[in-house]
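Report on the structure
The chain contents come next:
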Amino acid sequence: MNFNYKTYDVIVIGAGHAGCEAALASARMGCNTLLLTIDMDKIATMPCSPSIGGMAKGQLVKEIDALGGQMAKITDSSAIQYKTLNTRKGPAVHSTRTQNDKALYSKNMKAAIEKTKHLDLKQAMAKALLLENNMVTGIMDHTGFEYFARAIVIAAGTFLKGMVHIGASKTAAGRAGEFSSVSLAQNLAGIGFNIGRMKTGTPPRIHADYIDFSRFDIHNSDSLPKPFSFSTSHIVNPMLPSFMGHTNKTTHDIIRRNLKYSALYGGHIKGRSARYCPSFEDKIVKFPDRDSHHIILEYEGLDSKEIYASGLGNSLPLEIQYEVVRSVDGLEEARIMRPAYAIEYDFINPLELSPTLETKKIKGLFLAGQINGTSGYEEAGAQGLWAGINAACAVQKRPPFILDRSQAYMGVMVDDLVTKGTREPYRMFTSRAEYRLLLREDNADLRLSRIGYDLGLVDNDTLNFCRKIQDQTQKEIQRFKKTIIKPTQTVNDFLLSKKTNPITTGIKLEQLLKRAQLDYASLKEICPLPLPVLERTGQQVEIQVKYEGYILRQHNEIKKYKDLEKINIPQNFNYSKAHGLSNEIKEKLYQVLPKSLGQASRIDGMTPAAISVLMVAISAFKIKNKA
């Protein structure tokens, strides 16, 4: 069947967190964009934890916001608790996390999509790609209707041959209660993509009226919550607490007795589990010496009785789930509203992708989110933004959008995926970012707003605001380096009140700020500001002065990193003729096809000796071809 009144620039398949960011970015860049979803009432839903952010994930959300994405804004509009994590550590690892009203999040994202120019939202299930000479030309839906486009982003989440497991029961579903996308999965396999299976899961939802919350430790929102988006001026919703409890020996014994009934341990699931987010059965098997594990209860919404029981995710039959849940102190009368389940689904090896997230096999086809082997709403949103921007750039014949490892956490993630691939659900960690002291939450807009502006995703007022912070920061740092504080009685009384040593000779204001006991705000008492500055300026001055030595070291490391990145590997370079490389290394190089010597150096199994051989071979190749 071929009947369509419109040809699109970009089609996005799937309206989860990746698909929404991809479609919004493409449309805001001026591309006529179509967003297809199986169920328009489930846009940007939160099938697992009703939360956004967390360690390293918060940095991704801030970067999405800095580049003009939507996730942080929708988070602020639906947040019901804010926490800043790792506050006892340095600013490099401070991360924001919110608890969210999941229905409000979905509703507000849908509203943002419907109001966006150049963006059509339609309910349909993609069945197959339309191809011509290894290029996408469109898609066919499950009814046979065809939609045409010059670029396509697949953000299918867990829907590709999704299978939900509860004990021995299994149901084809993308999420519990939703259709599985079987035809598209078969189509992608038929094209020849390297397909694998992964597994994730979600814990039970418990009715709030049957929980004795007095038996749990209460955890309230931060007293002064900080919005996720740099553009949010105030918090709109009331804040709700979360509650922490623990499993016990009885709980663990129930799991051990019933492991054979678990879908995971009963042999029903073949997909790879996330090592860093194990199911409850996994915890009991892998940590047999532990007497208890944390459970965190979180509200799923302001007007909802559903409580998300983090830590109790499993794939056991429902009757055993009741035993497990009711063995926990405070949950003796618990009523399960939705059972826990495991889900396995198809993904495509991300080594099939170029750094733009375009597939190497099919031109114009981009992949984002869990189809690339990742886990988490935040990882998905960042990839969606990345793929959506690059799909628009391809259509508009603009240079590709690529951030390197020294520019952003999302640059680290994409480089990891396309260079190393993944054998388990990939999750972002601060430890993955080697330049994390420079890639902080607090400076995401200062790092990336100019790039977002050049793409057409960030407005002029936002760019000028960032410039103002940067200008004020540099002037203030210079003032701190030049201003001498003399050892007056007033000064020394102030220093003693802050429990730091008095001074006997003149000292630069910069040196005082480097003391652990002093901060930017307190120093105004002995050295008032000549002109008022923005609050964020003071924050930037304090970080840059206190961590000056570490920051300088990272800048030097980045210079070495970029020197290798500058050595491009020609597209027609023949690795088989690079004498001195092992066959295993050559095979990996042909699989990844690195763009630079720097990318090649990060391939798993690459050695310093192999990089030296490769550098010489590339140099000789370039000289020969120039001649």
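You'll find the structure just up there.
As a starting point, this report considers the structure included with it.

Conventions and cut-offs
Residues numbered from 1 in each chain as written. Predicted model: local features only at pLDDT ≥ 70, side-chain atom pairs only at ≥ 80, totals over all residues. Heavy atoms only, no water. Helix = DSSP H or I, 4+ residues; strand = E, 2+ residues; numbered from the N terminus. Rg over C-alpha atoms; globule rule 2.2 N^0.38 Å. Buried < 20%, exposed > 50% of the residue type's maximum accessible area, 1.4 Å probe, protein only. Contact = heavy atoms within 4.5 Å. Salt bridge = Lys/Arg side-chain N within 4 Å of Asp/Glu carboxyl O. Polar contact = N/O pair within 3.5 Å; in protein donor to acceptor, adjacent residues only side chain to side chain. Pairing = 2+ DSSP bridges. Axes fitted to C-alpha atoms, helices over the stretch in contact; angles between N-to-C directions. Parallel < 35°, antiparallel > 145°, perpendicular 65-115°, else oblique. Nonpolar A, V, L, I, M, F, W, Y, C, P; charged D, E, K, R; others polar. Phe/Tyr/Trp six-rings, centres within 6.5 Å; stacked < 30°, edge-to-face > 60°. Lys NZ or Arg CZ within 6 Å of the ring centre and 35° of its normal. Expected span 1.5 Å × (residues − 1). Left-handed = near helix turned anticlockwise from the far one by under 90°.

Of regular secondary structure, the protein possesses 20 helices and 22 strands. On C-alpha atoms alone, the protein measures out to a radius of gyration of 26 Å, which is about the 25 Å that the 2.2 N^0.38 rule sets for 627 residues. For the C-alpha atoms alone, the extent of the protein along its principal axes is close to 80 × 80 × 55 Å. Taking all 627 residues of the protein together, 55% fall into the buried category. Considering only contacts in the protein between residues 6 or more positions apart, those separated by 24 or more positions represent 73%.

On to the pattern of salt bridges, then. The tally for this structure, following the rule as stated, stands at 37 salt bridges. Note that Arg405 is salt-bridged to Asp416, the shortest N-O span being 2.8 Å. With Arg405 in the loop between helix H9 (377-395) and helix H10 (409-420) and Asp416 in helix H10, this residue pair connects regions lying 11 residues apart in the sequence. An identical accessibility class is assigned to Arg405 and Asp416; each is buried. Members of the salt-bridge network, linked through shared partners, are Arg405, Asp415, Asp416, Glu434, Glu565 and Arg602.

Next up on the list: the environment of Ser51. When you line up the elements, Ser51 lands in strand E3 (residues 51-53). Classification of Ser51 by relative accessible area gives buried; the value is 7%. Through-space distance from the C-alpha of Ser51 to that of Ile80 is 9.4 Å; in sequence the pair is 29 residues apart. Leave out the neighbours within four places in its chain, and Ser51 touches Met46, Arg97, Thr98, Gln99, Asn100, Tyr377 and Glu378. Here Ser49 takes part through its side chain, which lies 2.7 Å from a polar atom of the side chain of Ser51. In this structure the side chain of Ser51 is engaged in a polar contact, spanning 3.2 Å, whose partner is the side chain of Arg97.

Turning our attention to the sheet that holds strand E15 (residues 242-246). Whenever strands of a sheet pair, they do so through backbone hydrogen bonds, lying parallel or antiparallel. Taken in spatial order, the 6 strands of this open sheet run E14-E15-E16-E17-E13-E18, and their pairing is antiparallel. Strands at the two margins of the open sheet, each flanked by one partner only, are strand E14 (217-219) and strand E18 (336-338). Geometrically, the sheet is characterised by an average inter-axis angle of 35 degrees between neighbouring strands, direction not taken into account.

Here we come to the side chain of Gln383. Turning to its location among the elements, Gln383 is positioned in helix H9. Accessibility expressed as a relative area gives 0% for Gln383, which makes it buried. A distance of 2.9 Å separates polar atoms of two side chains, one belonging to Gln383 and the other to Thr374. Setting aside chain neighbours within four positions, we find Gln383 in contact with Leu357, Ala368, Gly369, Asn372, Thr374, Met413 and Leu417.

For the rest of this paragraph, the subject is the packing of H9 against H10. Two elements in contact, H9 and H10, have axes separated by 10 Å at closest approach and are oriented at 85 degrees. With respect to their mutual orientation, H9 and H10 come out roughly perpendicular. Contact residues: Glu379, Ala382, Gln383, Leu385 and Trp386 in H9; Met410, Gly411, Met413, Val414 and Leu417 in H10. For the contact of H9 with H10, a count of residues per class yields 7 nonpolar, 2 polar and 1 charged.

Here we come to the packing of aromatic side chains. Tallied over the full model, the rule gives 10 aromatic pairs. Seen from their ring centres, Phe573 and Phe621 are 5.4 Å apart, and the 80 degrees between their planes marks the pair as edge-to-face. Taken together, the residues span a long stretch of sequence, with Phe573 in the loop between helix H17 (548-565) and helix H18 (583-592) and Phe621 in helix H20 (residues 608-626) at a distance of 48 residues. Joined through ring pairs, the aromatic side chains of Phe573, Tyr575, Tyr590 and Phe621 make up one cluster. The ring of Phe230 carries the charged tip of Lys62 above its face, separated from the ring centre by 4.8 Å. Above the ring of Tyr426, the side-chain terminus of Arg432 is found at 4.2 Å from the ring centroid.

So, about helix H4 (residues 102-115). In this model, H4 (14 residues) spans 20 Å end to end at C-alpha, consistent with the 20 Å of a helix rising 1.5 Å per residue. The set of residues buried in H4 consists of Lys102, Tyr105, Ser106, Asn108, Met109, Ala112 and Ile113. Among the residues of H4, the N-terminal cap falls to Asp101, whose side-chain oxygen and the backbone nitrogen of Ala103 are separated by 3.2 Å.

Spatial ordering of the open sheet is given by E3-E5-E4, a layout of 3 strands whose pairing is antiparallel. Each of the sheet's edge strands pairs with one partner strand only, and the pair in question is E3 and strand E4 (79-85). Averaged over all pairs of adjacent strands, the angle between their axes in this sheet comes to 15 degrees, without regard to strand direction. Here 6 bridges tie E4 to strand E5 (residues 95-100), and the two strands are oriented antiparallel to one another. Residue pairing for E5: Lys83 is matched across the bridge by Arg97. Across the face of the sheet, helix H3 (residues 71-78) comes into contact with E3, E4 and E5 while running at roughly 120 degrees to E4.

Moving on, we come to the packing of helix H2 (residues 57-66) against helix H11 (residues 444-455). Closest axis-to-axis distance for the H2/H11 pair is 8 Å, and the angle between their directions is 35 degrees. Seen from above, H2 lies across H11 with right-handed handedness. Together, Lys62, Glu63 and Ala66 of H2 and Ala444, Asp445, Arg447, Leu448 and Ser449 of H11 make up the contact between the two elements. Per-class residue counts for the contact of H2 with H11 are 3 nonpolar, 1 polar and 4 charged.

So, about the environment of Lys363. Position of Lys363 relative to the elements: it lies in the loop between strand E19 (341-348) and strand E20 (365-367). For Lys363 and Ala156, which are 207 residues apart along the polypeptide, the C-alpha to C-alpha distance reads 19 Å.

Honestly, it's all geometry; don't read function into it.
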